[in-house]
Amino acid sequence: MAPELDTRQLNAFIDGELDLHSQLEIEARLVHDAGLRTQVEALRGLRQVVMRHADYHAAPAALRARIEALGAPPASAPAPTPRGPSAWPAAVQRWFAWRPLVASFGVLAVLTVALNLALLQSGRDEALGQEVIASHVRATLTQHLVDVASSDHHTVKPWLSARLDFSPPVPELNLPGSTFLGGRVDYLDGRPVAVLVYRQGAHIVNSFVWPGAGDSRIAFVSQRGFHLAHWSRGGMTHWVVSDVSPDEFATVVHAIDHADESH
Amino acid sequence: MTESDDLRRFEILVIPHLDAAYNLARWLTRNDQDAQDVVQDASMRAMRYFGGFRGDQARAWWLQIVRHTCYAWLKENRPAEVVAFDDGEDAWRELAAPAADEPHAIAVRNADRAQINQAIAALPIAYREVLVLRELEDLPYKDIARIADIPVGTVMSRLARARGLLRQALLHGARPVLRTVARSTPGGVK
């Protein structure tokens, strides 16, 4: 006779928080033990009821605006009020004579920084592209495509949210020949990211998502026979990789981008 | 550059989890205005504490600050609600395992929105917070442990007890006679 289970364990069981061994053991017991089954169902029922009906208090718009303002860069110093040149002492007027030159130095400095940033960014994108391909290949080789296998995005989204510090969009693609296989968590760009896995025809498509600032249009690259696309929107950075044909790849990428929009 | 780094961090770490922050503060203070004040205060603290953020689990880190701010606020404004909480290792044992009879399960399942909100709001704060973080934010135990500053084992016991108490409250609420719970709610918590 198996030992009596206490409510703590049952609660941890329905939360999926027991170690794998105990988790499987209880699942096996559930098959035969009707009393235990009722208890587990009662607990799950209660959890469902709370999740479905308890108020979720989203931040009011006014609060959000106030806090976003906290995070806004401080307003730049107010421009000096224009005055007639005669109001200025001679030294200041002489300084102002240098102004065009100073301004051109300023512009040059800004351009140099921008160019450096652009080069840095493209170097970063290339490195990231390598990481994305590596993850795709690893997952395909080891046949470990998904941690949570489900064609239902309502199952996959909470699973991912519970394991990440953000809630990734999990779009359903309404494309012919496309199947949603599920999701997994991977480590990319120095942080845990969500990976959504689709099958397009005979090919696997991996779609990576993590929070990132800025907005950028979709950029397509091909490396070593893989097609890559990346873009940022709505606070999320997306990278998609696959070895499908370029045409199909573009279709899938746009479907992911548009589905994301409607979520 | 540090200032703009901080602003960027603020955008990435704090803003995306503003709903979670407000939801937690709202359930802990049980009042809209107080929750807004707390979240705003917590945001300013977060900006000061970016140095202490080690780059993992932004949401847990940020909710930890929100919770801490809530407690500080409650201690000052409603000290009675945050008396040192000692639930003992075995408090969860006092509640029977979920009764395995169908009518009870149905009563719980049929509880309506108002009943559920009342029942959660009436839970002692230490149980309320783990329940809200688990059921409404869907956080794993280790994150809840970090946010509530308790060991994972305590998360387990408190959650078991929170659900037990909630279940009891819903069963009573389902009966025609509404008791103390009903009296204290209409005006909101003062």
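Quick caveat, the model's predicted, so the values are computed rather than measured.

Criteria and thresholds
Residues numbered from 1 in each chain as written. Chains lettered and ligands numbered in written order. Predicted model: local features only at pLDDT ≥ 70, side-chain atom pairs only at ≥ 80, totals over all residues. Heavy atoms only, no water. 1 Å grid on protein atoms, 1.4 Å probe; cavity = no way out; pocket = protein on both sides within 12 Å on 5 of 7 lines; lining within 4 Å. Points joined across faces, edges and corners; volume = space filled by probe spheres on them. Helix = DSSP H or I, 4+ residues; strand = E, 2+ residues; numbered from the N terminus. Domains from an automatic or database assignment. pLDDT = per-residue confidence, 0-100. Contact = heavy atoms within 4.5 Å. Salt bridge = Lys/Arg side-chain N within 4 Å of Asp/Glu carboxyl O. Polar contact = N/O pair within 3.5 Å; in protein donor to acceptor, adjacent residues only side chain to side chain. Nonpolar A, V, L, I, M, F, W, Y, C, P; charged D, E, K, R; others polar. Core = buried A, V, L, I, M, F, W, Y, C linked by side-chain atoms within 4.5 Å. Buried < 20%, exposed > 50% of the residue type's maximum accessible area, 1.4 Å probe, protein only. Axes fitted to C-alpha atoms, helices over the stretch in contact; angles between N-to-C directions. Parallel < 35°, antiparallel > 145°, perpendicular 65-115°, else oblique. Left-handed = near helix turned anticlockwise from the far one by under 90°. Pairing = 2+ DSSP bridges. Phe/Tyr/Trp six-rings, centres within 6.5 Å; stacked < 30°, edge-to-face > 60°. Lys NZ or Arg CZ within 6 Å of the ring centre and 35° of its normal.

Participant: Which parts of the structure should I look at to understand the layout of surface pockets?
Facilitator: One simple way to see leftover space: roll a probe sized like a water molecule over the atoms. Counted as a void, the second largest pocket has a volume near 800 Å³. Together, 30 residues line the second largest pocket, and Ser161, Phe166 and Ser167 of chain A together with Pro16 and Arg59 of chain B are the ones closest to its centre. Those elements that place two or more of their residues in the lining of the second largest pocket are α7 (153-163) of chain A together with α1 (2-14), α2 (18-29), α4 (58-77) and α7 (125-136) of chain B. For the lining of the second largest pocket, the domains that each give at least three residues are domain 1 (1-84) and domain 2 (99-174) of chain B.

Participant: Explain the confidence of the model for chain B to me, please; I cannot follow it from the model alone.
Facilitator: Caution applies to low-pLDDT regions: their predicted coordinates should not be interpreted in detail. All names here are of chain B. When pLDDT is averaged across chain B, the result is 80; 74% of the residues are at 70 or more. Here residues 175-190 is a poorly scored stretch, pLDDT under 50, and it has nine contacts once near neighbours within four places are set aside; other chains count. Scored by ipTM, the complex comes to 0.82, with pTM at 0.56.

Participant: What should I look at first to understand the interface of chain B and chain A in this one?
Facilitator: How big an interface is tends to be stated in terms of the accessible area lost upon association of its parts. Listed per partner, the contact involves 51 residues of chain B and 46 residues of chain A. Across the contact surface, chain B and chain A share six salt bridges. Of the charged contacts, one joins Arg64 of chain A and Asp19 of chain B as a salt bridge, the two residues approaching to 3.1 Å between their closest N and O atoms. Counting across the interface, chain B meets chain A through 25 residue pairs in polar contact (both at pLDDT 80 or more). Broken down by secondary-structure element, the contributors of at least two residues to the side of chain B that touches chain A are α1, α2, α3 (32-48), α4, α5 (102-109), α6 (113-121), α7 and α9 (152-174) of chain B. Looking at which element gives the most residues to the side of chain B that touches chain A, the answer is α9 of chain B, with nine residues. Here the side of chain B that touches chain A is composed, by residue class, of 28 nonpolar, nine polar and 14 charged.

Participant: What is the right way to look at the nonpolar core in this model?
Facilitator: A general trend in soluble globular proteins is that nonpolar side chains are found buried together. The biggest cluster of nonpolar side chains holds 77 residues, and the ones touching the most others in it are Val14, Trp61, Trp62, Leu63, Ile120, Leu166 and Leu170 of chain B. Per-domain counts for this core show at least three residues from each of domain 1 (1-84) and domain 2 (99-174) of chain B. When residues no more than four places from it in sequence are discounted, the contact partners of Leu170 of chain B are Leu46 of chain A together with Val108, Ala111, Gln115, Ile116 and Ala119 of chain B. With 41 residues, the next largest nonpolar core counts Ile133, Ile204, Phe208 and Ala255 of chain A among its residues.

Participant: Looking at this model, I keep getting lost on the packing of α7 of chain B against helix α8 (residues 141-148) of chain B. Mind explaining?
Facilitator: When two helices pack together, their arrangement is given by the angle between their axes and by how far apart the axes lie. Residues and elements named next belong to chain B. With their axes 10 Å apart at the nearest point, α7 and α8 run at an angle of 140° to one another. The angle between α7 and α8 places the two elements in the oblique class. For the pair α7 and α8, the crossing hand works out as right-handed. Of the residues in α8, those in contact with Glu129, Val130, Leu133 and Arg134 of α7 are Tyr141, Ile144, Ile147 and Ala148. Class assignment for the residues of the contact of α7 with α8 results in six nonpolar, no polar and two charged.

Participant: So what exactly am I meant to see when it comes to the confidence of the model for chain A here?
Facilitator: Across chain A, the average pLDDT comes to 81, with 82% of residues at or above 70. The low-confidence segment residues 76-87 of chain A (pLDDT under 50) makes three contacts with residues lying over four places distant or belonging to another chain.

Participant: Any chance you could explain the sheet that holds strand β5 (residues 216-223) of chain A here in plain terms?
Facilitator: Residue and element names in this part refer to chain A. Spatially, seven strands are ordered β1-β2-β3-β4-β7-β6-β5 in an open sheet, and the strand pairing comes out antiparallel. Strands at the two margins of the open sheet, each flanked by one partner only, are β1 (148-149) and β5. Two strands pair when backbone bridges link them, and β1 and strand β2 (residues 178-188) are joined in this way by two bridges, in the antiparallel orientation. When the sheet's bridge partners are listed, Val148 is paired in β2 with Gly183. Lying over the sheet, α7 contacts β1, β2 and β3 (191-200), oriented at roughly 5° with respect to β2.

Participant: In this structure, what is going on with the packing of aromatic side chains? I would like to understand it.
Facilitator: Given two aromatic rings, their pairing is described by the distance between the two centres and the angle made by the two planes. Under the definition given, this model contains two aromatic pairs over all chains. Ring geometry for Phe180 of chain A against Tyr198 of chain A: centres 5.1 Å apart, planes inclined by 35°, an arrangement best described as tilted. In this pair, Phe180 of chain A is assigned in strand β2 and Tyr198 of chain A in strand β3, connecting sequence segments 18 residues apart. In terms of burial, Phe180 of chain A and Tyr198 of chain A fall into one category: buried. Measuring from ring centre to ring centre gives 6.1 Å for Phe220 of chain A and Phe249 of chain A, while their planes differ by 75°; the resulting arrangement is edge-to-face. Remark: Phe249 of chain A occurs in helix α8 (residues 246-261) and Phe220 of chain A occurs in strand β5; sequence separation between them is 29 residues. Judged by its relative accessible area of 41%, Phe220 of chain A is partly exposed. Its end group placed over the ring of Tyr71 of chain B, Arg67 of chain B keeps NZ or CZ at 4.1 Å from the ring centre.

Participant: Hey, could you run me through the pattern of salt bridges in this one?
Facilitator: Between side chains of opposite charge, pairing is possible as soon as their charged atoms come close. Applying the stated criterion across every chain, the model contains 20 salt bridges over all chains. A salt bridge links Arg26 of chain B to Asp32 of chain B, with the shortest nitrogen-to-oxygen separation between them at 2.7 Å. Residue class for Arg26 of chain B comes out buried when judged on its relative accessible area of 17%. Residue Asp32 of chain B is classed as partly exposed on the basis of its relative accessible area of 42%. By sharing partners, the salt bridges in this structure join Asp15 and Arg47 of chain A together with Arg134, Glu135, Asp138 and Arg163 of chain B into a single network.

Participant: Any chance you could explain the pairing of β5 of chain A here in plain terms?
Facilitator: A regular strand places its side chains so that they alternate between the two faces of the sheet. Residue and element names in this part refer to chain A. Pairing geometry for β5 and strand β6 (residues 226-233), over six bridges, is antiparallel. Counted as the bridge partner of Gln223 is Phe226 from β6. If you look at the hairpin formed by β5 and β6, you'll find two residues sitting between the two strands, and Arg224 has a positive phi there, around 45°.

Participant: When you look at the packing of helix α3 (residues 34-53) of chain A against α7 of chain B in this model, what are you seeing that I'm missing?
Facilitator: For the pair α3 of chain A and α7 of chain B, interaxial distance at closest approach is 9 Å and the crossing angle is 85°. Compared by their axis directions, α3 of chain A and α7 of chain B come out roughly perpendicular. Residues Arg47, Val50 and Met51 of chain A of α3 of chain A form the contact with α7 of chain B, whose own contacting residues are Arg134, Glu135 and Leu136 of chain B. Looking at the contact of α3 of chain A with α7 of chain B residue by residue, the class counts come to three nonpolar, no polar and three charged.

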